[in-house]
Amino acid sequence: MTSEPVLAVSSLVKRFGDVTAVDGVGFELMPGASLGIVGESGSGKTTTARILAGLDAPTSGTVLLDGEPVTGRSRRARLRRARLLQMIFQDPYGSFDPRQSIAASIAEPMRLHLPGTAADRRARVAELLDQVGLSERAGASLPRDLSGGQRQRAAIARALGIRPRVLVLDEAVAALDVSIQAQILTLLDGLRRDTGIAYVFVSHDLAVVRHITDTAVVMRHGRIVERGDTERILREPRHPYTRLLLDSIPVPGWDLDRVARDRRALDPSS
Amino acid sequence: MTVQDKKTAADTATRADALGIAGLGLAIGSGEDAVPLLDGVTVRVGRGETVGLVGESGSGKSLTARSALGMFPRGARATGSVTVGGVDVLAAGRAALRDLRRTRASMIFQDPRAAINPVRRVGDYLTEGLRARGVPSREAAATALDLLEQVGIRDPRGALRRHPHEFSGGMLQRVVIAGALSTGPELLLADEPTTALDVTTQAEVIGLLKGMQRTRGTGMLFVTHDLDLAAAICDRVYVMYAGRIVEEAAGTALFSAPAHPYTKALLEASPSVHGDRTEIRAIRGRPRSLAEAPSGCAFRDRCPLADDDCAVAVPAVRAHGTSAVACVRPEEVTR
Ligand SMILES: Nc1ncnc2c1ncn2[C@@H]1O[C@H](COP(=O)(O)OP(=O)(O)OP(=O)(O)O)[C@@H](O)[C@H]1O
Ligand SMILES: Nc1ncnc2c1ncn2[C@@H]1O[C@H](COP(=O)(O)OP(=O)(O)OP(=O)(O)O)[C@@H](O)[C@H]1O
Ligand code: SF4
Ligand SMILES: [Mg+2]
Ligand SMILES: [Mg+2]
């Protein structure tokens, strides 16, 4: 058992022209842990996730994976990062080659990162399809012939193939129907229990974050305004923005006046 | 449904309701190749009432809501009856429908940007409905200003001259709400009006909608896939599955006493921020459209209580507790 964080982020800043999308974000993720990132639209969640996955370079700040910095866009640096950390998007459709079968797409990262023969990969793909609950027939299909939920399973299978230590999920269940969302969440729960993979789970849905994470950070305007155990944040929010977020969740007897009061407490000018 | 029944349903709706949909069926094409979309949909919205229509994607929520404005898919055939404030929608001609949309019923969609012409000023958008009814333009402008103020737009006078792209999604949805209410409709059809918004913005927009609706006595059909939201703001809720209504319940009863196995399954599949942390339970399979659904009860390939008798016929609607439910054994559904 290691007690070193598998992912350590510090003082992350990202500017797009005049816009500071991420402003001094830092957190640590232990092996097998699950961290939520919540916050309103434009608060910098996706930008943070993309930096972790190496899709954007930070303006400043560091990302350590397994204790080593993963900066640089050299082929070697990118491969090392991808080997340790994989990302899942809201709709993975765009990340699949439309002309290639799902099974071939799932095999692709293994071909890039791992030694082994085509036969080894075929065996591993079969195992992965089974693990995420997809049939062999679904594996032989093209991406467009799968439902949204099936595509999300396929994306998870592809990400798991090279046994990364961290999975970054950006609104990965947001577009799914409740019944399908529950299937994917249950799948993710099981995978973490069985493989010890760690999650960074980006979502605007606090109920989902409560289900899938142990700790969470709340972002607003690029900054982390609150952090802690997810349950603690939900039960005793400390920052006025977190309070607004919680009071905004519909519930029988919903007090909409309180939401308005929270808003005024947060932005006295409005 | 016989012609006689249909007439009676329409007459009753005339007097009391903002919206009366009775036994609505919808199919594209005819004969062997017909693709069924809706079957026997019955929905009532009383004046001033907020009624929810919930279900997963493809269940027929939007088709049902749009039927109130006589908006049907190309080539679709409708049966049953649809009445809005006394107007028989299925029998109405073009002019009558245009008049209906202009005066009696308004619709708000998920994406406010799709509802507003991007090159026109907000002021023109807000006054066109009024001017079309013969309201002088000076008076229409004053009304628009007043509405923008009511929906909480800062600097309403300046807003009249601005274009849609100058507003955030939440602010633009407020403008659309102002537009929808400008003609003083009896019925507001809100199709996932807050789905694209942040939770905090959603709460504000809902507060606004409910407030405006309450003071004006407008009936609202609120379409959403979010059970929590429906239960929180609706007097009554209809649950749809595969083109049919499977349960009708009071908003509060939906959670405490779901009567249909599908409603219960949805609740068990949804994580919650309230109360103790509980396990979620996934529903096997995936939601289906009416055309793909099994015969008899459409939910039977996913239902834990399914048995042979569920395949015999589409379950009739029966009263159970305070709900109406289309299931052969609602007494076995307990939370
Ligand atoms: N490529 C880019 N160029 C310019 N600005 C950008 C770019 N990407 C993001 N931004 C800006 O950075 C800020 C943060 O955006 P980001 O996508 O990280 O937010 P988010 O928290 O993921 O929001 P959402 O909940 O809407 O997905 C926003 O103001 C956004 O407009
Ligand atoms: N114009 C059309 N032509 C053919 N089929 C249609 C048309 N519009 C809708 N349908 C089908 O009818 C069914 C119900 O569609 P509807 O849009 O009412 O679903 P919904 O409940 O609003 O779903 P969502 O939550 O995704 O908005 C779907 O299976 C859909 O594919
Ligand atoms: S009729 Fe049968 S299959 Fe349908 S919901 Fe009731 S128990 Fe389930
Ligand atoms: Mg994002
Ligand atoms: Mg719809």
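Quick notes on the rules
The numbers attached to residues start from 1 for each chain and follow its sequence in the written order. Lettering of chains starts at A and numbering of ligands starts at 1, both following the order in which they are written. Owing to the predicted nature of the model, reporting of local features is limited to residues with pLDDT of at least 70; listing and counting of side-chain atom pairs is limited to 80 or more, with chain, interface and lining totals taken over all residues. No hydrogens and no water enter the side-chain calculation; it runs on all heavy atoms of the structure. The term salt bridge refers to a pairing of a side-chain nitrogen on Lys or Arg with a carboxyl oxygen on Asp or Glu at a separation within 4 Å. Helical segments are the DSSP runs of H or I of at least four residues, strand segments are the runs of E of at least two, and each set is numbered from the N terminus. Using a 1.4 Å probe on the protein chains alone, a residue whose accessible area is under 20% of its type maximum counts as buried, one over 50% counts as exposed, and one in between counts as partly exposed. Any residue with a heavy atom positioned within 4 Å of a molecule or strand is treated as near that molecule or strand. Using the Shrake-Rupley algorithm and a 1.4 Å probe, accessible areas are obtained, with residue cover drawn only from the displayed protein chains. The residue classification treats Ala, Val, Leu, Ile, Met, Phe, Trp, Tyr, Cys and Pro as nonpolar and Asp, Glu, Lys and Arg as charged. All others, Gly included, are polar. Whenever a helix is involved, its axis is fitted only over the stretch in contact; in every case the axis is a line through C-alpha atoms, and angles between N-to-C directions fall within 0 to 180 degrees. Orientation categories follow fixed angle ranges, with anything under 35 degrees roughly parallel, anything over 145 roughly antiparallel, 65 to 115 roughly perpendicular, and all other angles oblique. The sense of a crossing depends on the near helix, which, turned anticlockwise from the far helix by less than a right angle, makes the crossing left-handed and, turned clockwise, makes it right-handed. In what follows, a contact means two residues having at least one pair of non-hydrogen atoms within 4.5 Å. UniProt positions are given in the numbering used here, feature names are shortened, and annotations may be inferred rather than shown by experiment. By convention here, the domain bounds are inherited from an automatic or database domain assignment. Put simply, buried area is the surface a 1.4 Å probe can reach on two separate parts but cannot reach once they are joined, added for both. Residues belong to a common nonpolar core when they are buried Ala, Val, Leu, Ile, Met, Phe, Trp, Tyr or Cys residues joined through side-chain atoms within 4.5 Å. Any two strands between which DSSP finds at least two bridges are classified as paired. Within 3.5 Å is the distance limit for a polar contact, defined as a pair of N or O atoms, with the added protein rule that one can donate a hydrogen and the other accept it, and that residues adjacent in sequence qualify only through two side-chain atoms. The distinction between a cavity and a pocket rests on a 1 Å grid over the protein atoms alone: a 1.4 Å probe fits inside a cavity but cannot get out, while a pocket stays open yet meets protein on both sides within 12 Å along at least five of seven lines, and a residue with an atom within 4 Å of a point counts as lining. Grid points are joined across faces, edges and corners, and a volume is the space filled by probe spheres set on the points.

**Student:** Give a description of the pattern of salt bridges that names residues and reports values.
**Tutor:** If you walk through the whole model with that rule in mind, you get 32 salt bridges over all chains. For Asp-267 of chain A, the salt bridge identified is with Arg-220 of chain A, shortest N-O distance 3.6 Å. Placement of the pair is Asp-267 of chain A in the segment after helix H11 (256-266) and Arg-220 of chain A in strand E9 (residues 215-220), with a sequence separation of 47 residues. For Asp-267 of chain A, a relative accessible area of 23% puts it in the partly exposed group. On the basis of relative accessible area, Arg-220 of chain A is assigned to the buried category, the value being 13%. Ionic contacts of the salt-bridge type, sharing partners, join the residues Glu-40, Arg-220, Arg-263 and Asp-267 of chain A together with Arg-174 and Glu-204 of chain B into one network.

**Student:** Quick rundown of the site of ligand 1? Include the residues and the values.
**Tutor:** All names here are of chain A. In the region of ligand 1, the neighbouring residues are Phe-16, Val-19, Ala-21, Glu-40, Ser-41, Gly-42, Ser-43, Gly-44, Lys-45, Thr-46 and Thr-47. The protein chains hide 56% of the 630 Å² of surface that ligand 1 would expose on its own. Residue assignment for the shell around ligand 1 shows that the elements contributing at least two residues are strand E2 (19-29) and helix H1 (45-52). Per-element accounting of the shell around ligand 1 gives the leading share, 3 residues, to H1. Of the residues assigned to the shell around ligand 1, the class counts are 3 nonpolar, 6 polar and 2 charged.

**Student:** Outline the packing of helix H5 (residues 122-132) of chain B against helix H8 (residues 169-181) of chain B, supporting the account with residue identities and numerical values.
**Tutor:** Residues and elements named next belong to chain B. Two elements in contact, H5 and H8, have axes whose closest approach is 8 Å; the angle formed by their N-to-C orientations is 20 degrees. One finds that H5 runs roughly parallel with respect to H8. In this structure, the crossing between H5 and H8 has a hand that is right-handed. On H8, the residues touching Val-122, Tyr-125 and Leu-126 of H5 are Val-175, Val-176, Ala-178 and Gly-179.

**Student:** Describe the UniProt feature "domain: ABC transporter" (unreviewed entry) in chain A, naming the residues involved and giving the relevant values.
**Tutor:** Per the UniProt record, "domain: ABC transporter" (unreviewed entry) is found at residues 7-246 of chain A. End C-alpha to end C-alpha, residues 7-246 of chain A measures 28 Å, and it is 42% helix and 26% strand.

**Student:** How would you sum up the domain arrangement of chain A? Please name residues and give values.
**Tutor:** Residue and element names in this part refer to chain A. The domain architecture assigned to chain A consists of domain 1 (7-238) and domain 2 (239-270). Just the C-alpha atoms count here: the centres of domain 1 and domain 2 sit 30 Å apart. Taken residue by residue, the interface counts 13 residues in domain 1 and 11 residues in domain 2. Carbon and sulfur atoms supply 64% of the area buried between domain 1 and domain 2, which totals about 980 Å² over both sides. Among the residues domain 1 hides against domain 2, the three largest losses belong to Leu-206, Arg-220 and Pro-237. Together they make up 47% of the total. At the boundary of domain 1 with domain 2, the tally comes to 1 salt bridge. When contributions to the side of domain 1 that touches domain 2 are tallied by element, the ones reaching two or more residues are strand E3 (34-39), E9, strand E10 (223-229) and helix H9 (230-235).

**Student:** So what's going on with the nonpolar core? Which residues, and what values?
**Tutor:** In terms of nonpolar packing, the biggest core is built from 116 residues, with Ile-156, Leu-188 and Phe-201 of chain A together with Leu-126, Leu-148, Val-175 and Phe-222 of chain B touching the most fellow members. If one sorts the elements of this core by residue count, helix H7 (residues 178-195) of chain A sits on top with 8 residues. Per-domain counts for this core show at least three residues from each of domain 1 (7-238) and domain 2 (239-270) of chain A. Not counting chain neighbours up to four residues away, the residues in contact with Phe-201 of chain A comprise Leu-35, Gly-36, Ile-37, Leu-169, Val-173, Leu-185, Leu-188, Val-208, Val-209, Ile-212 and Thr-213 of chain A.

**Student:** Could you give an account of the pairing of strand E4 (residues 76-84) of chain B, with specific residues and numbers?
**Tutor:** Residue and element names in this part refer to chain B. Where strand E1 (residues 17-28) and E4 come together, 8 bridges link them in antiparallel fashion. Note on E4: the bridge partner recorded for Leu-26 is Ala-78. Relative to strand E5 (residues 87-88), E4 is paired through 2 bridges, and the arrangement is antiparallel. Each residue of the ladder has a partner; that of Thr-83, found in E5, is Asp-88. With antiparallel pairing between neighbouring strands as the criterion, E4 and E5 make up a hairpin whose turn holds 2 residues, including Gly-85 at a positive phi of roughly 45 degrees.

**Student:** Describe the interface of chain B and chain A, and please don't skip the residues or the numbers.
**Tutor:** A common way to express how large an interface is: the accessible area buried when the components associate. With 36 residues of chain B in contact, the opposing surface of chain A contributes 32 residues. Roughly 2,900 Å² is buried in total at the junction of chain B and chain A, and carbon and sulfur atoms are behind 62% of that figure. Considering only the surface of chain B that becomes buried against chain A, Thr-200, Val-273 and Arg-277 of chain B emerge as the three largest contributors, covering 21% of it. Arg-263 of chain A is the salt-bridge partner of Glu-204 of chain B, the closest N and O atoms lying 2.9 Å from each other. At the boundary of chain B and chain A, one finds 14 residue pairs in polar contact (both at pLDDT 80 or more). Elements that contribute at least two residues to the side of chain B that touches chain A include exactly helix H9 (199-216), helix H10 (227-233) and helix H12 (261-269) of chain B. In terms of residue count, H9 of chain B provides more of the side of chain B that touches chain A than any other element does, 7 residues in total. Of the residues in the side of chain B that touches chain A, the class split is 14 nonpolar, 10 polar and 12 charged.

**Student:** Before we move on, could you go through the sheet that holds E2 of chain A and cite the residues and values that matter?
**Tutor:** Residues and elements named next belong to chain A. Spatially, the 4 strands line up as an open sheet ordered E2-E1-E4-E5, and their pairing is antiparallel. In this open sheet, the two edge strands, each paired with only one partner strand, are E2 and strand E5 (68-69). Seen against the sheet, H1 touches strand E1 (7-16), E2 and strand E4 (60-65) and runs at an angle of roughly 120 degrees to E1.

**Student:** Can you tell me about empty space enclosed by the protein, naming the residues and giving the values?
**Tutor:** Summed over the entire model, instances satisfying the criterion amount to 2 cavities of 30 Å³ or more. Approximately 90 Å³ is the volume attributed to the largest cavity. Around the largest cavity, the lining comprises 14 residues; the ones closest to its centre are Pro-261, Cys-297, Cys-303, Cys-310 and Cys-327 of chain B. Its residues placed into classes, the lining of the largest cavity shows 11 nonpolar, 1 polar and 2 charged. Taken as a whole, the second largest cavity holds about 40 Å³ of empty space. Counting residues per element, the lining of the second largest cavity draws most heavily on H9 of chain A, at 3 residues. Residues of the lining of the second largest cavity, tallied by class, amount to 7 nonpolar, 2 polar and no charged.

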